[in-house]
Amino acid sequence: MPNALVAAALEVRRFARGILGSDAYDVYLAHHRRTGCGGAPLTEKQFWRAKYAAQDASPEGRCC
């Protein structure tokens, strides 16, 4: 029973991170590994800075 609760909690966490977008860096790293990009991946700090800069430069698709 405890294993089922832990599994359920992890699934809820994964789902919530996907909804909130906080898993974007993990998705980026998985894509980087899958596609075999030539260079090193961005650091997490570089990734979020680039993501927010792109959103600020092109704000369509956001509610605010």
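Residues numbered from 1 in each chain as written. Predicted model: local features only at pLDDT ≥ 70, side-chain atom pairs only at ≥ 80, totals over all residues. Heavy atoms only, no water.

### Considerations on the packing of helix α2 (residues 24–35) against helix α3 (residues 44–57)
For step 1, the next point in the chain: Close contact between α2 and α3 brings their axes to 10 Å; oriented N to C, the two are set at 110°. One finds that α2 runs roughly perpendicular with respect to α3. On the side of α2, the interface is formed by Ala 24, Tyr 25 and Tyr 28, while α3 contributes Glu 44, Phe 47, Trp 48 and Lys 51. (Axes fitted to C-alpha atoms, helices over the stretch in contact; angles between N-to-C directions. Helix = DSSP H or I, 4+ residues; strand = E, 2+ residues; numbered from the N terminus. Parallel < 35°, antiparallel > 145°, perpendicular 65-115°, else oblique. Contact = heavy atoms within 4.5 Å.)

### Some points on a nonpolar patch on the surface
For step 1, the next point in the chain: On the surface, Phe 15, Ile 19 and Leu 20 cluster together into a nonpolar patch covering about 390 Å² of accessible area.
For step 2, the next point in the chain: Relative to the helices and strands, Leu 20 is located in helix α1 (residues 2–20). (Patch = residues over 30% accessible without salt bridge, like charges linked within 9 Å, V, L, I, M, F, W, Y side chains within 5 Å. Areas by Shrake-Rupley, 256 points an atom, 1.4 Å probe, with all protein chains shown as cover. Salt bridge = Lys/Arg side-chain N within 4 Å of Asp/Glu carboxyl O.)

### Considerations on the packing of aromatic side chains
For step 1, the next point in the chain: The full count for this structure, using the stated rule, is five aromatic pairs.
For step 2, the next point in the chain: Centre to centre, the rings of Tyr 25 and Tyr 28 are 5.9 Å apart; their planes meet at 35°, and the pair counts as tilted. Here Tyr 25 and its partner Tyr 28 are both found in helix α2, three residues apart, which amounts to about one turn of the helix.
For step 3, the next point in the chain: Residue classification places Tyr 25 among the buried residues on the basis of a relative accessible area of 13%.
For step 4, the next point in the chain: Ring centres of Tyr 28 and Phe 47 lie 5.1 Å apart, and the angle between their planes is 25°; this geometry places the pair in the stacked category. Here Tyr 28 is found in helix α2, whereas its partner Phe 47 is found in helix α3, with 19 residues between them in sequence. Residue Tyr 28 shares its accessibility class with Phe 47, and that shared class is buried.
For step 5, the next point in the chain: Taken together, the aromatic side chains of Tyr 25, Tyr 28, Phe 47, Trp 48 and Tyr 52 make up a single cluster linked through ring pairs. (Phe/Tyr/Trp six-rings, centres within 6.5 Å; stacked < 30°, edge-to-face > 60°. Buried < 20%, exposed > 50% of the residue type's maximum accessible area, 1.4 Å probe, protein only.)

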